[in-house]
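This is what each chain is made of:
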Amino acid sequence: MTNSELFDSIDADSFYIDGSEIADTKAPKVPIERRWEDRRFQARLVNPANRRKLSVIIVGSGLAGSSAAATLGEAGYNVSCFCYQDSPRRAHSIAAQGGINAAKNYRNDGDSVYRLFYDTVKGGDFRARESNVYRLAEVSLQIIDQCVAQGVPFAREYGGLLDNRSFGGVQVSRTFYARGQTGQQLLLGAYQALERQVAAGTVTMHTRHEMLELIVVDGRARGVIIRDMVTGDVETYIADAVVLATGGYSNVFFLSTNAMGCNVTATWRAYRKGAYFANPCFTQIHPTCIPVSGDYQSKLTLMSESLRNDGRIWVPKSGEDKRDPREIPERDRDYYLERIYPSFGNLVPRDIASRAAKNVCDEGRGVGPGGLGVYLDFADAIARLGRQTVEAKYGNLFQMYAQITGEDPYAVPMRIYPAVHYTMGGLWVDYDLESSIPGLYVTGEANFSDHGANRLGASALMQGLADGYFVLPNTINDYLADGPFPKVDASHPTVTEAETAVRGRIDKLLSVNGSRTVDSFHRELGRLMWDYCGMERSEEGLRKALTRIRELKDEFWSDVKVLGGNDELNQALERAGRVADFFELGELMCIDALVRRESCGGHFRVESQTPDGEALRDDDNFAYVSAWEFAGENHRPILHKEPLVYDYVEMKQRSYK
């Protein structure tokens, strides 16, 4: 029986096996404002002399990875940090534009730790864990001080104080920023801290190295199998604990705002070794991206959400109106976000703004090629503030838009359309950021814990630095206090088995010698995911996607053509391994979306919506984290549910009107 025949022969609820219920047991049972303080006190410590005897592997060198490596190195641990880029400065964190949230209340506009906590839980449509989100809001206060001390050039007001602006889903100004290059400046701060520890000898940096397997010995994460991307050598590294800080998996959609190298391989290898994968279908669509311009594109470009502070979003009231936007008078324009959501206007959360843009385009009122675009207009802001002020706030973003589109956004409204951006799903972790595999910790976007079904803008940088600088260094001690663990070397049977599996997979990819390129398969998979598991999901569409994904995966392993060999720099081989994992991930994402018969945040099931088209949750049946366990090749995954209990925030239908 083929995969497709097997798929068609089972019911929708039979794609998975029900597993046991799970829970986070690490968060102390005390009032929420005391939990992090109590956990830090309860966690065992490792004295400085013993830290020199312990080793930690960190995979990834973006904000979460660099900050964790620098902090653990400074604490005295022996740290090995790996990245597939040619420098940690090339991590995708550098692409973040708009800002980083912190509940400093510098504007005296009613902000607080509790309000940041509440906004984040509400923005995630009540599908995040209260304990983790409150800690994130609490730690945000320290992050800004840390970054200022590092010399991060945040924007400042006339009097010299740090400036703030607003992002979607909130009614206060809490976003700190460095023009439109906040991610770059923050990463440079983390990078200099990392390089200081490299110079001190506590951190060893391995660039152009890609993790291809996790080593688990006696139930504990003990190392990784790495491919040197320049020489092709397959290498083994052993440590007392492993940290994955490898970002998200949006490139399963092929076209996304992520760097083209972003992939799921590290976390997917961990999933196949026993780490639970949580909420894989929770992906974020960003409303402010430059629209697709042709089939030749390999990625999309984000325009910062900060632009929605001063830009107004609109479309013509009539789909027949094809005039130059500068010639369309106010009476013929529909500022639809301001009309539908008067309280938040253009600063509604990303999932809501994205669906609203899709809706007006589906009505035939979209602008630009193919009608897949809406206007983001700065004419009012320029008239009110002056061009010089707008340039000071957004100049590099305007330059980027002009270079890509050939249009002057100071004179003609920008055209934007939603695109895949961030992933809220990731490996399941407890309050300590430890996965279901002891000794495997997961930080930043690679874990699921803080954002629920939709991430508020400017919270990704906050989570990455919170995890790396402040959370992980205070929790991994509790695990390492039991070390050093029994010695493991390259001759250990589990290690040789893992290395053999990696070499076998590489050989298999190179030996197929079919007729189709890796990118052709990736593009087709991405289109399936966008059409059926993107902005809108349905029972029928998800079933169709699952059937075709399984067929396409079989075709990949029988007809892909990977040129070159293993003992050399081979980007086609790198992409082939990543796309092979994307096929398996895409299948799990569709199963997760099929099982979750509700709409929440970025997960919009057409069968579950309010009369006015908003996402309709089903808290009685789906107020849980979906934590998926790998059950083996050709076996259905096992679904473990972590109930979400809200003691400090009332679960209610979101409203931004």
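Here we summarise the structure given alongside this text. Model, not experiment: these values are computed from the prediction.

## Comments concerning the overall build of the protein
Within the protein, the secondary structure is distributed over 18 helices and 20 strands. In terms of overall size, the protein behaves like a compact globule, its C-alpha atoms giving a radius of gyration of 24 Å where 657 residues would be expected to give roughly 26 Å. Referenced to the eigenvectors of the C-alpha coordinate spread, the extents of the protein come out at roughly 75 × 60 × 50 Å. Scored against the burial criterion, the 657 residues of the protein give a buried share of 61%.

## Thoughts on the sheet that holds strand β3 (residues 78-82)
Across the sheet, which stays open at both edges, the five strands sit in the order β6-β3-β2-β10-β18 with parallel pairing between neighbours. The sheet terminates laterally at β6 (203-206) and β18 (440-442), the two strands that pair on one side only. Pairwise comparison of adjacent strand axes, ignoring direction, gives a mean angle of 20° for this sheet. Where β3 lies against β6, four bridges are found, and the strand directions are parallel. When the bridges of β6 are listed, F82 appears paired with H206. Taken strand by strand, helix α4 (residues 63-75) contacts β2 (55-59), β3 and β6, and its axis lies near 165° from that of β2.

## Description of the environment of C590
Inspection of the secondary structure puts C590 in helix α17 (residues 571-595). In this structure, the C-alpha to C-alpha distance between C590 and I549, residues 41 residues apart in sequence, is 9.6 Å. Apart from residues no more than four positions distant in its own chain, C590 is found in contact with M529, C533, L542, A545, L546 and I549.

## Some words on the pairing of strand β16 (residues 414-423)
Of all 10 residues that make up β16, 10 are buried, and the element is covered over most of its length. Note that strand β12 (residues 283-289) and β16 share five bridges and pair antiparallel. Directly across from C289, in β16, lies its bridge partner Y417. Two elements, strand β15 (residues 374-377) and β16, share three bridges in a ladder whose sense is antiparallel. Its bridge partner lying in β16, L376 is registered against M414.

## Observations regarding the sheet that holds β12
Spatially, β12-β16-β15-β13-β14 is the arrangement adopted by the five strands of the open sheet, whose pairing is antiparallel. Edge strands, defined here as strands with exactly one partner in the open sheet, are β12 and β14 (333-334). Packing against the sheet, helix α10 (residues 350-362) makes contact with β12, β13 (312-316), β15 and β16, and its axis sits at approximately 65° to β12.

## Some words on the packing of aromatic side chains
One pass over the structure, following the stated rule, counts 28 aromatic pairs. Ring plane angle 85° and centroid distance 6.2 Å describe the contact between Y271 and F277, whose orientation is recorded as edge-to-face. Comparing Y271 with F277, the two get one shared label, buried. Here W314 and Y375 contribute two aromatic rings whose centre-to-centre distance is 4.7 Å and whose plane-to-plane angle is 40°, an arrangement assigned as tilted. Here the residue W314 occupies a position in strand β13, and Y375 occupies one in strand β15, the gap between them amounting to 61 residues. Per residue, the accessibility class of W314 equals that of Y375, and both read buried. Aromatic ring contacts, followed pair by pair, group Y249, W268, Y271, F277 and F630 into a single cluster. The ring of Y84 carries R578 above its face, with NZ or CZ at 5.0 Å from the centroid.

What counts as what
Residues numbered from 1 in each chain as written. Predicted model: local features only at pLDDT ≥ 70, side-chain atom pairs only at ≥ 80, totals over all residues. Heavy atoms only, no water. Helix = DSSP H or I, 4+ residues; strand = E, 2+ residues; numbered from the N terminus. Rg over C-alpha atoms; globule rule 2.2 N^0.38 Å. Buried < 20%, exposed > 50% of the residue type's maximum accessible area, 1.4 Å probe, protein only. Pairing = 2+ DSSP bridges. Axes fitted to C-alpha atoms, helices over the stretch in contact; angles between N-to-C directions. Contact = heavy atoms within 4.5 Å. Phe/Tyr/Trp six-rings, centres within 6.5 Å; stacked < 30°, edge-to-face > 60°. Lys NZ or Arg CZ within 6 Å of the ring centre and 35° of its normal.

Keep in mind these values describe shape, not function.
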